[in-house]
Amino acid sequence: MHRALSNPDVLSHLFLKMVQDLEENDDIGFAQRLQLEAELRATLLRCALVCRAFCDPALTALWWRLDNLVPLLRLLSCFVPTKVKRNTSGEGPRDETLYLLKGELCPKEWERFCHYARRVRVFNHPKNASVTPHIVSQLSKWNNGAPLLPGMKDLTWLPASPTDTSALLLGTESLESLHIVLDCIELPDEYQWISRHEKMELLRDPLSRNTGDKQIEKMLVTYSECTPRLKTLELPISVHPLCLAPVARFTHLTALHLPETPFDARLIRDIASNLKILETLMIDVLLTPYEPDASIVGFRHLSTLDVTGSATDLTRLFKMINPLRELRALVLTFPNGIPELTQTYRRPLEVLKECGHAPALASCKLSISTRWNTSDTVAQLLEPLLSFPTLEHVSLQAGLCGYQVTEGDLERMARAWPKLESLALKWNAKAGGTTPPLRALAHFAQHCPDLRTLILSHIDTYAPLPPEPYKVRPHGLLHIFTLHSYRVKDPKAIGKYVSALFPNILVAVPDPRPSGWDQVLHMANAWRVARAEKAKQLQAERAAQGS
């Protein structure tokens, strides 16, 4: 065995890398992920049994992440899984497994429980019928009130109710990331049928809060006192905005994700003035029309901003807030509603530039979910971004919008963004508007040497190609995706042209319903293979002549 494999730090890094690679893989489906997770657990278990040197690092990786407490409860014989019938709404009674306490706790089993529990770093604490809050409370008593998972750093918690505090018993001193999924509460139905601004006016009234809202506020106060190292806080489900006042107490936060809860200027101002080291912010902005546009001071270290709101509200926000000099990534989402003019959608980006925000902006994503058609071009919509030469990643998600996309649009983008690494332009190409011809891709080959991924809704393959021969130039582009299935005039000729522009282009993942563009990519790959074979043949001939 190599000496490096006797070093516990090296082994820990290798085994944890296996876990992290699977967690970060977003290209696999749910069923495949479950299968791969089971295979990985089996692999880590076998590694732990290889030798003493492998045992501890492999077990640490094996227990790094838990999705519930059941694997730990199975170590205690006093907890017996019992089949019970439960009534579920609309489905009738069904069998479920409930862990019941039967018998006395065995000290050796408890020692083993603690031995593995201290290895857990990432934990999902669901509303699991098998493990009730009472069981968690009983485990805490046996542990003399000490944290059950003392090394836990990342907790995803689905409380059974706003008063459910069982997660506090797991351990909060070392907690760095907290995700609270409050699907046990929801806003009243009448709020779903009024305009966004009317809803904000109602929610600003303290009398609009119910008992559950007040309990959520108390819960956040408790967590602010128990999590001294917390860096990330996420509440992915909408709550009453007046419940969020305690968020300002989490003064060590570097990331705050509240994508569904409406924020007015007062709440944003409170967050900005108290969370002084915040780096990532995700919020839904909903400003009232009569609210004064007073300055918002703070966010000096903000590098990523993801905001949802109307173009008018986002324009007001960027005017109020002090210049975000450190901003590197920006996501603007315009909610579904009445279609707005291109110049209205563009206005927040214009103010972004005018007010001195994001001088080194590297990533920008715009999402427009409203269905509408326009004679405007995509370049007119993205006009303000063309003055940011630092952009490396640009994405427009407007799949329901019938924008025009011309060759001139792509040329302007290619010239404006020389550092571009990925570009996604998604529009409703089926609306019958102008689509870019294939020859427009040459602008990216010429001006964007770092481009690796290009996504376009449609490419006009019937437009004439440049005359042959095509000069093959080195370029690192790997992927070109189109979103709509359509016929291609001449896949062989087009594949040859694409292969000359981007000689390293890869074939897309096999599609059960391949489009004409898939044929183009296969032809481009065939031309690449042919060039490689010809180069080998020439090299062999030269070698033969030299000998």
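In case you missed it, the structure is sitting above this.
Residues numbered from 1 in each chain as written. Predicted model: local features only at pLDDT ≥ 70, side-chain atom pairs only at ≥ 80, totals over all residues. Heavy atoms only, no water.

## Quick notes on the overall build of the protein chain
Then comes step 1: A tally of regular secondary structure across the protein chain gives 16 helices and 18 strands.
Then comes step 2: In the protein chain, buried positions account for 47% of the 547 residues.
Then comes step 3: In the protein chain, once contacts between residues fewer than 6 apart in sequence are set aside, the share between residues at least 24 apart is 73%. (Helix = DSSP H or I, 4+ residues; strand = E, 2+ residues; numbered from the N terminus. Buried < 20%, exposed > 50% of the residue type's maximum accessible area, 1.4 Å probe, protein only. Contact = heavy atoms within 4.5 Å.)

## Considering the pairing of strand 18 (residues 479-482)
Then comes step 1: What you see with strand 18 is a clean split: Ile480 and Thr482 sit on the buried side and His479 and Phe481 on the side with no burial.
Then comes step 2: Across four bridges, strand 17 (residues 453-456) lies against strand 18 in parallel orientation. Counted as the bridge partner of Thr453 is His479 from strand 18. (Pairing = 2+ DSSP bridges.)

## A look at the pattern of salt bridges
Then comes step 1: With the rule as written, the count across this model stands at 12 salt bridges.
Then comes step 2: Its salt-bridge partner being Arg119, residue Asp56 comes within 2.9 Å of it at the nearest N-O pair. With Asp56 in helix 3 (residues 52-62) and Arg119 in the loop between helix 5 (107-117) and strand 4 (122-125), the pair connects residues that are 63 residues apart, well separated along the chain.
Then comes step 3: With a shortest N-O distance of 3.6 Å, Asp67 and Arg65 are connected by a salt bridge.
Then comes step 4: Looking at Arg65, the relative accessible area reads 35%, which means it is partly exposed.
Then comes step 5: Sharing partners across several salt bridges, the network here consists of Arg346, Arg347, Glu350 and Glu354. (Salt bridge = Lys/Arg side-chain N within 4 Å of Asp/Glu carboxyl O.)

## Brief notes about the packing of aromatic side chains
Then comes step 1: If you walk through the whole model with that rule in mind, you get 10 aromatic pairs.
Then comes step 2: The interplanar angle of 75° and the centroid separation of 5.9 Å between the aromatic rings of Phe15 and Phe54 together place this pair among those described as edge-to-face. Residue Phe15 is found in helix 1 (residues 8-23), and its partner Phe54 is found in helix 3; the two are separated by 39 residues along the sequence.
Then comes step 3: Taking relative accessible area as the criterion, Phe15 reaches 6% and is therefore assigned buried.
Then comes step 4: When the centroid spacing of 5.0 Å and the interplanar angle of 65° are considered together, the rings of Tyr470 and Tyr497 count as edge-to-face. Of this pair, Tyr470 sits in the loop between strand 17 and strand 18 while Tyr497 sits in helix 15 (residues 491-501), and the two are 27 residues apart along the sequence.
Then comes step 5: Put simply, the rings of Phe79, Trp110, Phe113 and Trp142 touch in pairs and so form one group of aromatic residues. (Phe/Tyr/Trp six-rings, centres within 6.5 Å; stacked < 30°, edge-to-face > 60°.)

## Brief notes about helix 11 (residues 342-354)
Then comes step 1: Between its first and last C-alpha atoms helix 11 spans 18 Å; for 13 residues at 1.5 Å apiece the expected length is 18 Å, and the two agree.
Then comes step 2: At Pro348, helix 11 shows its largest bend, some 30°.
Then comes step 3: Among the residues of helix 11, those classed as buried are Thr342, Tyr345, Arg346, Pro348, Leu349, Val351 and Leu352.
Then comes step 4: Tucked into the core, helix 11 has its buried residues touching helix 10 (311-320), strand 11 (329-334), strand 12 (363-368), strand 13 (372-377), helix 12 (378-381) and strand 15 (401-404).
Then comes step 5: Once helix 11 finishes, Gly356 follows within two positions and takes phi at roughly 80°, a positive value. (Expected span 1.5 Å × (residues − 1). Bend = angle between axes of the 7 residues up to and from the residue.)

## Re the pairing of strand 12
Then comes step 1: Of the strand pairs in this sheet, strand 11 and strand 12 are connected by six bridges, and their pairing is parallel. Considered in strand 12, the bridge of Leu330 is made with Cys364.
Then comes step 2: Here strand 12 runs beside strand 14 (residues 393-398); their pairing, made up of five bridges, is parallel. Paired with Cys364 across the two strands is Val394, which belongs to strand 14.

## A few points about helix 6 (residues 133-142)
Then comes step 1: Looking only at helix 6, the buried set comprises Ile135, Val136, Gln138, Leu139 and Ser140.
Then comes step 2: In the stretch just after helix 6, Asn144 is the one whose phi turns positive, near 55°.

## Brief notes about the environment of Pro335
Then comes step 1: Along the chain, Pro335 falls in the loop between strand 11 and helix 11.
Then comes step 2: Taking the C-alpha atoms as reference, Pro335 lies 9.7 Å from Asp284; in sequence the two are 51 residues apart.

## Thoughts on the side chain of Thr482
Then comes step 1: Within the secondary structure, Thr482 sits in strand 18.
Then comes step 2: With a relative accessible area of 15%, Thr482 lands in the buried category.
Then comes step 3: Setting aside anything within four residues of it in sequence, one finds Thr482 in contact with Leu456, Ser457, Ile459 and Trp517.

## Let's talk about the nonpolar core
Nonpolar side chains tend toward joint burial in soluble globular proteins.
Then comes step 1: If you look at the biggest cluster of nonpolar residues, it comprises 150 residues, and the most contacted ones within it are Phe299 and Trp417.
Then comes step 2: The contacts of Trp417, once residues within four sequence positions are left out, are Leu382, Leu385, Leu386, Phe388, Leu391, Val394, Leu423 and Cys448. (Core = buried A, V, L, I, M, F, W, Y, C linked by side-chain atoms within 4.5 Å.)

## Thoughts on the packing of helix 1 against helix 3
Then comes step 1: Their axes nearest at 9 Å, the elements helix 1 and helix 3 cross at an angle of 35°. Crossing of helix 1 over helix 3 shows right-handed handedness. Residues Pro8, Leu11, Ser12, Phe15, Leu16 and Val19 of helix 1 touch helix 3, and the partners they reach there are Ala53, Phe54, Pro57, Ala58 and Ala61.
Then comes step 2: Looking at the contact of helix 1 with helix 3 residue by residue, the class counts come to 10 nonpolar, one polar and no charged. (Axes fitted to C-alpha atoms, helices over the stretch in contact; angles between N-to-C directions. Left-handed = near helix turned anticlockwise from the far one by under 90°. Nonpolar A, V, L, I, M, F, W, Y, C, P; charged D, E, K, R; others polar.)

## A few points about unusual backbone geometry
Then comes step 1: Residues Glu468 and Pro469 are joined by a peptide bond in cis, for which omega reads 5°.
Then comes step 2: Within the element layout of this structure, Pro469 appears in the loop between strand 17 and strand 18.
Then comes step 3: Even without a glycine there, the phi angle at Phe299 is positive, about 55°.
Then comes step 4: By secondary structure assignment, the location of Phe299 is in the loop between strand 9 (280-285) and strand 10 (304-308).

## Observations concerning the side chain of Asn143
Then comes step 1: Counting through the fold element by element, Asn143 comes out in the loop between helix 6 and strand 5 (154-157).
Then comes step 2: A polar contact of 3.1 Å, which involves the side chain of Asn143, links it to the backbone oxygen of Pro147.
Then comes step 3: The residues touching Asn143, leaving out its near neighbours within four places in the chain, are Trp110, Cys114 and Leu148. (Polar contact = N/O pair within 3.5 Å; in protein donor to acceptor, adjacent residues only side chain to side chain.)

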